[in-house]
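Chain and residue survey
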Amino acid sequence: MSNIKKTDFFHSKLMQLSRYQKRLLMVLADAVALPLALWSAFALRFSELWPEEYLYPAAVLFMVLPIMGILIFIRIGLYRAVIRYIGSQMIWTVASGVMILSMMLWAAAFVLKIEPFPRTVPVNFAIIALIYVGGTRFLMRSYYQWSLDLFIDKNPVLIYGAGESGVQLCRNLQNNIEYKCVGFLDDDPLLISSNVAGRKVYDPRHLATLIDSRNVSAVFLAMPSISAKARRDILQRLEEFPVHVKTLPSMHEILAGESITSLREVQIEDLLGRDPVPPIRALIDDSIHNKVVMVTGAGGSIGSEICRQVLKNTPRCLVLYERSEYALYAIEQELTLLSKTLGINVPRISLLGSVTNKQRIDDVLSRFQVQTLYHAAAYKHVPLVEHNILEGIENNVLGTQILAEAALRAKVERFVLISTDKAVRPTNVMGATKRLAELILQDLAQQSSQSTSETIYSMVRFGNVLGSSGSVVPLFRKQIEEGGPVTVTHPEITRYFMTIPEAANLVIQAGSMAKGGDVFVLDMGEPVTITDLAKRMIRLMGFSVKDEHNTRGDIAIEYTGLRPGEKLYEELLIGDNVTRTQHPKIMRANEEMLSPDVLQQTLVELETAVHQNQVDVARECLTRSVSGFTPSDACVDWMTTSLPPMHYA
């Protein structure tokens, strides 16, 4: 049997030991190390290998010492430590144990009247025992890590960032069975060519050479404190290399509860490079602090995030209104856990119901005396609403009318509608219904200003939010993990993107700035070409794009054609009349209105069409009343169009 085979055999047997067997092994090691440390203490004191005139009188100490030592180590929890994860904390645990044992050794010598017994022996013993007991554990940890590197085929990776986070990540990877750190990358010229945590720091410009020479398969970005723009710039540089890129959470995510060493795939927010603007505290408090706040669509993507942020800002009561039982249950459970984590005791009322139920809405607003209402309940998926036009109109338009009029009667202080960029010159029914919902609020705001009611209506318009239901990003990631192809509707399609927390935070602040009938538009940054987004995700996940320029690539992109009602480009403004607000990311737009008579006539026609199941009439009414609504496709509602072929068993 060769050397490697013997080591492999020993390693496999060691790894098969149970947790209790490993603890017993460490107990036996200490039972040998402690008497050995005492003998070494005598030998060191007298510079003699066997000072028998001092050793023989102390023979009883050699027998008692292992028993006392093991009992002390059990008491301080030394045997509960997992050897492969031990660190500097273990040194202090061992040190405290041997200090106690050293004092007990001196006391035992005094009580048992052992003579001669030099006073320096307990001191020598403490130092040597720390080396022996602690050393055996570090030797076992080193052996475990060495054997992992030797017998497990781990993927070599580079860590971008040789700071504290990078060092901590490198140490964590020592016990990882999938990856091993072979070096660091860093832009700081003072660190390049230095040694950090036993690994060399390289210039990022040499990454191509390192990939070939060290067979690097991945790069882990470990710089949580850098700005979003700096992170985006680094990711752009890494895109051209055939490596899988993962990142540690940003500092914002770490403060929100993410583990500092939890690796994750590159998120689209990393690629966008948007630095969040700190909220204006007064704007948050005006609408939430010590108020009764209600959120419709509380279980949806935006609604649930508004609930989280409302809860953190201590309202008097939070009313969750949702038609989906499961969605309401999920957000209620999450808020319960969040309350315990933050130590917040805010009453929460979870209500099932639809915004189209007039009596239910009136009763809820009256019973709980709602002061601030965020209306996030809506059907938003463009193709689905195109296939279910009447349901989209009933929920998005008539539901908003019922809720907004009820808010006027109940004297709700603030009513904020969550709108969309698809309401601007819409080409689909969903966008048209949201624009009509805006017009309803603009009309009610005018009525409110002319009456004794103090309800302030406003609407906040923004584009796609990342991670929402139906978002393209998780779909792309799933398709890439499955080997492709990645499906994009059109080569030139673009979209605005914003994170859900940022959008919800800006919605709350915008609502506090409203004076009545305001249309707020969020600064979404630059539009993103979806094809470019797909290519970047493919490359950063360690694959190459397969196209006419690279027929041997890994993942292909397929274009499926625009879906019913889908636009190539989204807009945020109907006109050019826009003004800045006190918040740099929020603008106020002055949009045209319908006359009250025309609006009321439109709503009556739509309600009649819904009740009489007249899809074409409802669609024509939308086209006539919503300025700029030009349907991009013929009517594809399932109740009027021919059905797809159905096969029966």
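Residues numbered from 1 in each chain as written. Predicted model: local features only at pLDDT ≥ 70, side-chain atom pairs only at ≥ 80, totals over all residues. Heavy atoms only, no water.

With that settled, consider the overall build of the protein chain. Looking only at helices and strands, one finds 23 helices and 23 strands in the protein chain. Evaluated residue by residue, the protein chain yields a buried proportion of 50% over its 649 residues. The long-range share in the protein chain, meaning contacts at least 24 apart out of those at least 6 apart in sequence, stands at 75%. Roughly 31500 Å² of accessible area belongs to the protein chain as shown, and the carbon and sulfur atoms make up 56% of that amount. (Helix = DSSP H or I, 4+ residues; strand = E, 2+ residues; numbered from the N terminus. Buried < 20%, exposed > 50% of the residue type's maximum accessible area, 1.4 Å probe, protein only. Contact = heavy atoms within 4.5 Å. Areas by Shrake-Rupley, 256 points an atom, 1.4 Å probe, with all protein chains shown as cover.)

Examined bridge by bridge, strand β15 (residues 486-488) and strand β21 (residues 555-559) share three bridges and lie parallel to one another. Paired with T487 across the two strands is E558, which belongs to β21. Note: strand β20 (residues 545-546) against β21, two bridges, orientation parallel. In the sheet register, V545 faces β21, and the bridge partner there is I555. (Pairing = 2+ DSSP bridges.)

The predicted coordinates of low-pLDDT regions are not to be read in fine detail. Mean pLDDT over the protein chain stands at 84; residues scoring 70 or higher make up 86%. Of all the helices and strands in the protein chain, helix α1 (residues 3-15) carries the lowest mean pLDDT, 45, while strand β8 (residues 292-296) carries the highest, 98. Low pLDDT, under 50, characterises residues 1-11; the predicted model gives this stretch ten contacts beyond four residues in sequence or across chains. (pLDDT = per-residue confidence, 0-100.)

Another aspect to go through is the packing of aromatic side chains. In this structure the tally under the stated criterion is five aromatic pairs. Ring centres of F42 and F62 lie 6.4 Å apart, and the angle between their planes is 25°; on these two criteria the pair is classed as stacked. In this pair, F42 is assigned in helix α2 (residues 19-46) and F62 in helix α4 (residues 59-75), connecting sequence segments 20 residues apart. With a centroid separation of 5.5 Å and 45° between ring planes, the pair formed by F415 and Y457 is classed as tilted. Highlighted residues: F415 in strand β12 (residues 414-418) and Y457 in strand β13 (residues 456-461), separated in sequence by 42 residues. By the burial criterion, F415 is buried, and Y457 matches it. Here the aromatic cluster, defined as three or more aromatic residues joined through ring pairs, consists of F42, F62 and F117. (Phe/Tyr/Trp six-rings, centres within 6.5 Å; stacked < 30°, edge-to-face > 60°.)

Assignment of secondary structure puts S102 in helix α5 (residues 88-111). Leave out the neighbours within four places in its chain, and S102 touches P122, V123, F125 and A126.

A word on helix α15 (residues 358-368). Every α-helix winds through 3.6 residues per turn, so residues three or four apart in the chain are directed the same way. Considered for burial, the residues of α15 that qualify are I361, D362, V364 and L365. Down the axis of α15, the buried set is contained in an arc of 165°. They therefore lie on one face. Turned more than 90 degrees off the buried face of α15, the exposed positions are Q359, S366 and R367. At its buried positions, α15 is contacted by β8, β9 (317-322), β10 (348-352), β11 (372-375) and α17 (389-409). Just past α15, the residue Q369 takes up positive phi, approximately 50°. (Arc of directions from axis to C-beta.)

Per the stated rule, a full pass over the model turns up 21 salt bridges. With its nearest N and O atoms 3.6 Å apart, the salt bridge here joins R281 to D285. Here R281 and its partner D285 are both found in helix α12 (residues 281-287), four residues apart, which amounts to about one turn of the helix. By relative accessible area, which is 46% here, R281 ends up partly exposed. (Salt bridge = Lys/Arg side-chain N within 4 Å of Asp/Glu carboxyl O.)

Glancing now at the environment of Q369. Here Q369 is to be found in the loop between α15 and β11. Placed 76 residues apart in sequence, Q369 and V293 show a C-alpha to C-alpha distance of 9.2 Å. Beyond its immediate stretch of four places on either side in the chain, Q369 contacts V292 and V364.

A cluster of nonpolar side chains, contributed by V60, M63, V64, W106, F110, V111 and L112, occupies part of the molecular surface with about 720 Å² of accessible area. Those elements that provide at least two residues to the nonpolar patch are α4 and α5. Here V64 shows up in helix α4. Taking relative accessible area as the criterion, V64 reaches 32% and is therefore assigned partly exposed. (Patch = residues over 30% accessible without salt bridge, like charges linked within 9 Å, V, L, I, M, F, W, Y side chains within 5 Å.)

The next thing to look at is helix α13 (residues 301-312). Between its terminal C-alpha atoms α13 stretches 17 Å, which fits the 16 Å expected from twelve residues at 1.5 Å a residue. Extensive coverage of α13 is indicated by the burial of eleven of its twelve residues. Taken residue by residue, α13 has S301, I302, G303, S304, E305, I306, C307, R308, Q309, V310 and L311 as its buried positions. Following α13 by one or two positions, T314 has its phi on the positive side, about 50°. (Expected span 1.5 Å × (residues − 1).)

Let us now look at the sheet that holds β9. If you walk across this open sheet you meet the nine strands as β10-β9-β8-β11-β12-β13-β18-β23-β22, and the pairing is mixed. Only two strands of the sheet have a single neighbouring strand rather than two, namely β10 and β22 (578-580). The average angle at which neighbouring strand axes cross in this sheet is 20°, direction not considered. Strand direction decides the pairing type here: β8 and β9, joined by five bridges, are parallel. Following the sheet pairing, V293 is matched in β9 by L318. Helix-sheet contacts for helix α14 (residues 325-342) involve β9 and β10, and the interaxial angle to β10 is about 170°. Most of the contacts of helix α18 (residues 429-449) go to β13, to which it runs at about 155°, and overall it touches β12, β13 and β18 (518-522). (Axes fitted to C-alpha atoms, helices over the stretch in contact; angles between N-to-C directions.)

What follows covers the environment of D188. Tracing the sequence through the fold places D188 in the loop between β2 (179-185) and β3 (195-196). Along the chain, D188 and P204 lie 16 residues apart, while their C-alpha atoms are 10.0 Å from each other. At 3.0 Å, the side chain of D188 and the backbone nitrogen of L190 are in polar contact. (Polar contact = N/O pair within 3.5 Å; in protein donor to acceptor, adjacent residues only side chain to side chain.)

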